[in-house]
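A structural walkthrough
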Amino acid sequence: MIDPHATSPRAVTKAVIPAAGLGTRFLPATKATPKEMLPVVDKPAIQYVVEEAAAAGLDDVLMVTGRHKRAIEDHFDNAFELEQALATKGDAIRLDAVRDPARLANIHHIRQGEPLGLGHAVLCARRHVGDRPFAVLLGDDLIDPRETLLSRMLDVRDRHTGSVIALMEVPPEQIHLYGCAAVEATGEDGVVRVTGLVEKPSRQDAPSSYAVIGRYVLDPAVFDTLERTPPGRGGEIQLTDALRELAAGGTVHGVVFDGLRYDTGDKGDYLRTVVRLACDRDDLGPEFTAWLKEFVAGLEEGNDTGRRRLAA
C-alpha cells in the first residue's frame, strides 16, 4: 500500500496484470486451471506479482482475464466458509495466508473477450486507468521479492515522464524469444533511452542484446497508439509495436535489470523457480536443501537405489 507519510505521492497508483492467456505450454495441467494459478511452493504465481505491485505502492490492481480464469477471481476474494473453519480450529497462520490475497490491494477484474494479444489486453484497461500513467506486470514473469525493479521504474517515470520498460541482457541465442530494444546511453547508470523495438527478432536482426521483460510503466498515450496499431506477429496486437512508435518520439526509457527473474511460463524455468524459492524459505529451506544436495549427489553417482530412497 502507499505510504501515508510519503512527502510526494507517486503519479502512478494503478497496475494492470494481463492474465488471459491459455497456458498451452503447460497442458494438460492448464486445461481447467489457469497457468497463473499454478503453485510456486505454496502460493499461485500471480500472487507474487500482486505482492510486487503492492510493495511498490500500487494499491489499485486490474486483472485482465478470460472466461476460463474464474479461479483467479476466487483466489483474490474472501472465502468465508474456509476462513470460518480455520478460525474455529484456531489455525491463525493458515487463516492469515487465506486472507492475505484479498488484502494486498483493491483488486478489480475485466475479461478480454477475444485473444487478440498483449496490446489488446492492455487496451482493455483503458476505461479503468483513464488518463493517468500505469504499470503493467505480466502474470508469468516473476521478479524476486528482494529486488526493487518496479520501484526503480516508477522513479524513472517520475523524472522523465513518458513510458519506461524493463530490459535484461540475454545471450544472443535467446534474443529471438523476446522483444528486443535498440538503445542509447543517457548518462544515468542503469537507464537507457529506447530508440526502437523489434518483436522476437532473429539473432542476426536483433539491434542489441537487451530483451524486454514483463514490467512496464506506461504513459496513457499508449492507448491511442494501440487503437491504431494493426495486428502484427502471430496476428495479434503487439504492445511492442505500439511502444516502437512511442520510442520514435523519444518518450520511452529502459531500466536495465540484472537481478533475479523467474519465467514461470516455461516448464524448466518454472521448476527452477519452485526449487530456488523453496530453498530461500526459512521454514522449508534447510531441510529441502539438504535433501536436494543428497539427491543431486545420487544423480551424479548414478545411484538409482539412492534416488528411489530419496524420492520415497
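Quantities reported herein were computed from a predicted structural model and do not represent experimental measurements.

**Some thoughts on the pairing of strand β10 (residues 191-199)**
Bridging between strand β9 (residues 179-185) and β10 involves seven bridges; their strand directions are antiparallel. Counterpart to Cys180 in the pairing with β10 is Val198.

**Thoughts on the packing of aromatic side chains**
What characterises a pair of aromatic rings is the spacing of the ring centres plus the angle enclosed by the ring planes. One pass over the full model with this rule turns up four aromatic pairs. Ring centres of Phe26 and Tyr270 lie 5.5 Å apart, and the angle between their planes is 80°; on these two criteria the pair is classed as edge-to-face. Of this pair, Phe26 sits in the loop between β1 (14-18) and β2 (39-40) while Tyr270 sits in helix α10 (residues 267-280), and the two are 244 residues apart along the sequence. Residue class for Phe26 comes out buried when judged on its relative accessible area of 11%. With a centroid separation of 5.8 Å and an interplanar angle of 20°, the aromatic rings of Phe288 and Trp291 are classed as stacked. With Phe288 and Trp291 both in helix α11 (residues 285-301) and three residues apart, this pair spans about one turn of that helix. The exposure class assigned to Phe288 is partly exposed, which follows from its relative accessible area of 25%. Overall, Trp291 belongs to the partly exposed group, its relative accessible area being 30%. By way of ring pairs, the aromatic residues Phe288, Trp291 and Phe295 are connected into one cluster. Lying over the aromatic face of Tyr48, Lys43 brings its terminal NZ or CZ to 4.4 Å of the ring centre.

**Description of the side chain of Asp241**
The topology assignment puts Asp241 in helix α9 (residues 239-248). Here Asp241 falls in the buried class, since its relative accessible area comes to 17%. Reaching out from Asp241, the side chain makes a polar contact with the side chain of Arg244 at a distance of 3.0 Å. Beyond its immediate stretch of four places on either side in the chain, Asp241 contacts Thr229 and Gly232.

**Here we look at α10**
Taking 1.5 Å of rise per residue, 14 residues should cover 20 Å, and α10 covers 20 Å from first to last C-alpha, within 8% of that figure. At the N-terminal boundary of α10, the capping side chain belongs to Asp266, with an oxygen 3.1 Å from the backbone nitrogen of Gly268.

**A short note on the confidence of the model for the protein chain**
Across the protein chain, the average pLDDT comes to 89, with 94% of residues at 70 or higher. Element-level mean pLDDT values for the protein chain span from 54 in helix α12 (residues 304-311) up to 97 in strand β6 (residues 134-137). Long-range and interchain partners of residues 1-8, a stretch whose pLDDT sits below 50, account for nine contacts in this model, where long-range means more than four residues apart.

**Some thoughts on the pattern of salt bridges**
Scanning the model with the defined rule gives 22 salt bridges in all. The partner of Arg103 in a salt bridge is Asp96, and the shortest N-O contact between them spans 3.7 Å. Since its relative accessible area comes to 38%, Asp96 is described here as partly exposed. One connected set of salt bridges, linked through shared partners, spans Asp42, Arg281 and Asp283.

**Quick notes on the environment of Arg261**
Position of Arg261 among the secondary structure elements: in strand β13 (residues 261-263). Sequence separation of Arg261 and Gly214 is 47 residues, and the distance between their C-alpha atoms is 9.9 Å. In this view, Arg261 contacts Asp141, Leu142, Ile143, Met168, Tyr178 and Ile213; residues no more than four positions away in its chain are not counted. Within polar-contact distance, the side chain of Arg261 engages the side chain of Asp141 at 2.7 Å.

**Notes on the packing of helix α3 (residues 80-89) against helix α4 (residues 92-103)**
The N-to-C vectors of α3 and α4 enclose an angle of 160°; their axes lie 9 Å apart at closest approach. Relative to α4, α3 is oriented roughly antiparallel. Handedness of the α3/α4 crossing: left-handed. On the side of α3, the interface is formed by Leu82, Glu83, Leu86 and Ala87, while α4 contributes Arg94, Leu95, Val98 and Arg99. Looking at the contact of α3 with α4 residue by residue, the classes come out as five nonpolar, no polar and three charged.

**Section: the packing of α10 against α11**
The contact between α10 and α11 brings their axes to 7 Å, and the two run at 130°. Viewed along their axes, α10 and α11 adopt a mutual orientation that is oblique. Here α10 contributes Val275, Ala278 and Cys279 to the contact with α11, which in turn contributes Gly285, Phe288, Thr289 and Leu292. A breakdown of the residues in the contact of α10 with α11 according to their chemical character gives five nonpolar, two polar and no charged.

**Observations concerning the environment of Met168**
Looking at the element boundaries, Met168 is found in strand β8 (residues 163-169). Separated by 39 residues in sequence, Met168 and Val129 place their C-alpha atoms 27 Å apart. Setting aside its immediate chain neighbours within four residues, Met168 contacts Ser209, Tyr210, Ala211, Ile213, Phe257, Gly259 and Arg261.

Reading the values: rules and limits
- Residues numbered from 1 in each chain as written.
- Predicted model: local features only at pLDDT ≥ 70, side-chain atom pairs only at ≥ 80, totals over all residues.
- Heavy atoms only, no water.
- Pairing = 2+ DSSP bridges.
- Helix = DSSP H or I, 4+ residues; strand = E, 2+ residues; numbered from the N terminus.
- Phe/Tyr/Trp six-rings, centres within 6.5 Å; stacked < 30°, edge-to-face > 60°.
- Buried < 20%, exposed > 50% of the residue type's maximum accessible area, 1.4 Å probe, protein only.
- Lys NZ or Arg CZ within 6 Å of the ring centre and 35° of its normal.
- Polar contact = N/O pair within 3.5 Å; in protein donor to acceptor, adjacent residues only side chain to side chain.
- Contact = heavy atoms within 4.5 Å.
- Expected span 1.5 Å × (residues − 1).
- pLDDT = per-residue confidence, 0-100.
- Salt bridge = Lys/Arg side-chain N within 4 Å of Asp/Glu carboxyl O.
- Axes fitted to C-alpha atoms, helices over the stretch in contact; angles between N-to-C directions.
- Parallel < 35°, antiparallel > 145°, perpendicular 65-115°, else oblique.
- Left-handed = near helix turned anticlockwise from the far one by under 90°.
- Nonpolar A, V, L, I, M, F, W, Y, C, P; charged D, E, K, R; others polar.

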